[in-house]
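Below are the chains, spelled out letter by letter.
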Amino acid sequence: MFHNSLEYAKKQDAADALASFRNKFHIPTNANGQKIIYLCGNSLGLQPKITSEYINEELNDWANLGVEGHVEGKHPWLPYHEFLTENMAKIVGAKPSEVVMMNTLTTNLHLMMVSFYQPTKTKYKIVVESDAFPSDKYAVESQLKFHGIDPKEGLILWKPRKGKELCRFEDLEEIMQTHGSEIALLMIGSTNYYTGQSFPLKKITELGHKYGCMVGFDLAHGAGNIQPNLHETGADFAVWCTYKYLNSGPGSLGGCFVHERHAHNENLNRFAGWWGHNKKTRFNMRHEFDALPGAEGWQLSNPPILSMAAIRASLDTFAEAGFENLRKKSEKLTGFLEFLLDEMKNDSINVITPRNPEERGCQLSIQVKNADKNLHTKLTEAGVISDWREPDVIRVAPAPLYNSFEDVFRFSEKLKEVLKS
Ligand SMILES: Cc1ncc(COP(=O)(O)O)c(C=O)c1O
Ligand SMILES: Nc1ccccc1C(=O)C[C@H](N)C(=O)O
């Protein structure tokens, strides 16, 4: 269904109802002022042009109102996080009461494990996928140690079979059959940062729950990319960041999901702070903690408004485009990229990301035989921003909000040239 030509790519862009969204973003340029081919939204998403307006509104309210901005601002700061909840909940497929924007991903992961990893003498192990992002693995290992458990004993890796890159659900089932009674928590990345593989969240949750385990997901590479339908999956918790596909700026605040079945659960451990306390009595400065129901009850501090302003700008852009439309375009755009890579018929490259669109988001991970980072450097010099992940993978992620079919075509031409040299 695809064709290998620039003309075809341009035709696709002309027919794309979302094409105009590209103009709503700042696209970085090279030294000659030409737009580069930016395929790195899986690391840092681009800046929407409206972001500075949203941030400036808060800077102005701060300048003009000082502390009164908490209640008098156009978007008052006290309830500011609430302005993000509904649109964010739609993107991850949750109920608004299940979602809160706070902290950053790894911090939220720890907070969630304080509540949802409560090991006993016999049920204490944690399962993660073997190629989990290192921060997740560090967090999980340090939680094990915190409970006096040696990670060598307490951590189970869900690994691909020998010689394979991808994890198979059947292997996770086997792990559960053998060790289910000792496992307390499954902590899995929804879309793996290295392979781009998206896991079946609902099946994993049902499997974990069957064995009496808690189940949590890291959606760093899922939020704004795939539709994780968090509520539907029944997962106990999930965490994500907003600087990748959610285009909210470097180090911006993360998101957190707690399933509504835990909204009033007083038996969970929790590290508390005043922003998680009942809003009606928060400023009475009472000394007994009274947790807000739902995900909001896990907040610690009053959050950074400037970061949340950037998130609000991004979520408004997503809402305007419609997440379902974006997902449809994304499947086509990534399909086009896959087609062009196949057309190269070059034995030195191999796409390790699953072929089935339901098992991936927009990222394709291209394994390059006998290559080193030099290849990636050459691509960068040729005007492509992608990223290199050791030992041998180039990750490219056409983001449907700002990447075009032409970007994808031009990337494939550049890759061809670089591989030839
Ligand atoms: C899957 C995954 N988990 C965790 C992180 C770390 O997130 P943070 O630095 O926001 O804690 C990242 C990216 O940085 C990631 O891709
Ligand atoms: N936040 C960053 C800051 C600096 C450099 C990279 C990152 C990333 O997010 C990397 C990303 N998590 C990844 O999937 O590789």
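Please read these numbers as outputs of a predicted model, since none were measured by experiment.

Rules used in this analysis
- Along each chain, the written sequence defines residue order, and numbers are assigned to residues from 1.
- Just so you know, chain letters begin at A and ligand numbers begin at 1, following the order they were written in.
- With pLDDT at 70 or above as the cut-off, local features in this predicted model cover only qualifying residues; side-chain atom pairs require 80 or more to be listed or tallied, and sums for whole chains, interfaces and linings still use all residues.
- Water and hydrogen atoms were dropped before computing side-chain values, which therefore reflect all heavy atoms in the structure.
- UniProt positions are given in the numbering used here, feature names are shortened, and annotations may be inferred rather than shown by experiment.
- A helix here means a DSSP run of H or I that spans at least four residues, while a strand means a run of E at least two residues long, and both kinds are numbered starting from the N terminus.
- Partly exposed describes any residue whose relative accessible area lies between the buried limit of under 20% and the exposed limit of over 50%, with all areas from a 1.4 Å probe on protein chains only and scaled to the type maximum.
- Note on contacts: a residue pair qualifies if any of its non-hydrogen atoms lie within 4.5 Å across the two residues.
- A cutoff of 4 Å decides nearness: a residue is near a molecule or strand if any of its heavy atoms lies inside that distance of it.
- Two N or O atoms form a polar contact when they lie within 3.5 Å of each other; inside protein one atom must be a possible hydrogen donor and the other a possible acceptor, and for residues adjacent in sequence the pair counts only when both atoms belong to side chains.
- We call Asp, Glu, Lys and Arg charged. Ala, Val, Leu, Ile, Met, Phe, Trp, Tyr, Cys and Pro are nonpolar, and the rest, Gly among them, are polar.
- Boundaries between domains were set according to an automatic or database domain assignment.
- As used here, buried area is the combined drop in accessible area, with a 1.4 Å probe, of two parts when they are placed together.
- Counted as salt bridges are all cases of a side-chain nitrogen of Lys or Arg within 4 Å of a carboxyl oxygen of Asp or Glu.

Mapped onto this numbering, the UniProt entry annotates "binding site: pyridoxal 5'-phosphate" (unreviewed entry) at Leu105, Thr106, Phe133, Pro134, Ser135, Asp136, Asp218, His221, Tyr243, Trp274 and Asn302. The named residues occupy 198 residues along the chain; their greatest pairwise C-alpha distance, 30.8 Å, places them well apart from one another. Note that His221 resides in the loop between strand 6 (214-218) and helix 10 (230-233). Assessed through its relative accessible area of 6%, His221 is described here as buried. Beyond its immediate sequence surroundings of up to four residues, His221 is in contact with Asn42, Thr191, Tyr193, Lys244, Tyr245, Gln363 and Arg395.

Turning our attention to the side chain of Glu338. Counting through the fold element by element, Glu338 comes out in helix 12 (residues 323-343). Looking at Glu338, the relative accessible area reads 10%, which means it is buried. Each residue touching Glu338, except ones within four places of it in the same chain, is listed here: Arg355, Arg360 and Leu364.

Between Glu390 and Pro391 the backbone carries a cis peptide bond, its omega angle lying at 5°. Residue position: Pro391 is located in the loop between strand 12 (387-389) and strand 13 (393-396). For Asn229, which is not glycine, the phi torsion reads 45° and is therefore positive. Positionally, Asn229 belongs in the loop between strand 6 and helix 10. Phi at Asn247 takes a positive value of approximately 50°, unusual for a residue other than glycine. With respect to the secondary-structure elements, Asn247 resides in the loop between strand 7 (237-240) and strand 8 (255-258). In this structure Asn247 comes out as buried when scored by relative accessible area, which is 4%.

Another point: the site of ligand 2. Close to ligand 2 lie Ser43, Phe133, Tyr193, His221, Tyr243, Lys244, Arg389 and Arg395. Here a nitrogen atom of ligand 2 and a side-chain polar atom of Lys244 are 2.5 Å apart. Residue classes in the shell around ligand 2 are distributed as three nonpolar, two polar and three charged.

Under the domain assignment used here, the chain contains domain 1 (6-35 + 323-420) and domain 2 (56-318). Put simply, the middle of domain 1 and the middle of domain 2, counted by C-alpha atoms, are 29 Å apart. Facing the 25 residues of domain 1 at the interface are 19 residues of domain 2. Interface of domain 1 and domain 2: buried area, both sides summed, is about 1800 Å²; carbon and sulfur atoms make up 59% of it. The largest contributions to the domain 1 side of the interface with domain 2 come from Phe323, Ile352 and Gln363, which together make up 32% of the buried area. For the pair domain 1 and domain 2, the number of links is zero salt bridges. Run the count over domain 1 and domain 2 and you get nine residue pairs in polar contact (both at pLDDT 80 or more). Broken down by element, the residue count for the side of domain 1 that touches domain 2 peaks at three residues, all from helix 12. For the side of domain 1 that touches domain 2, the residue count by class is 12 nonpolar, five polar and eight charged.

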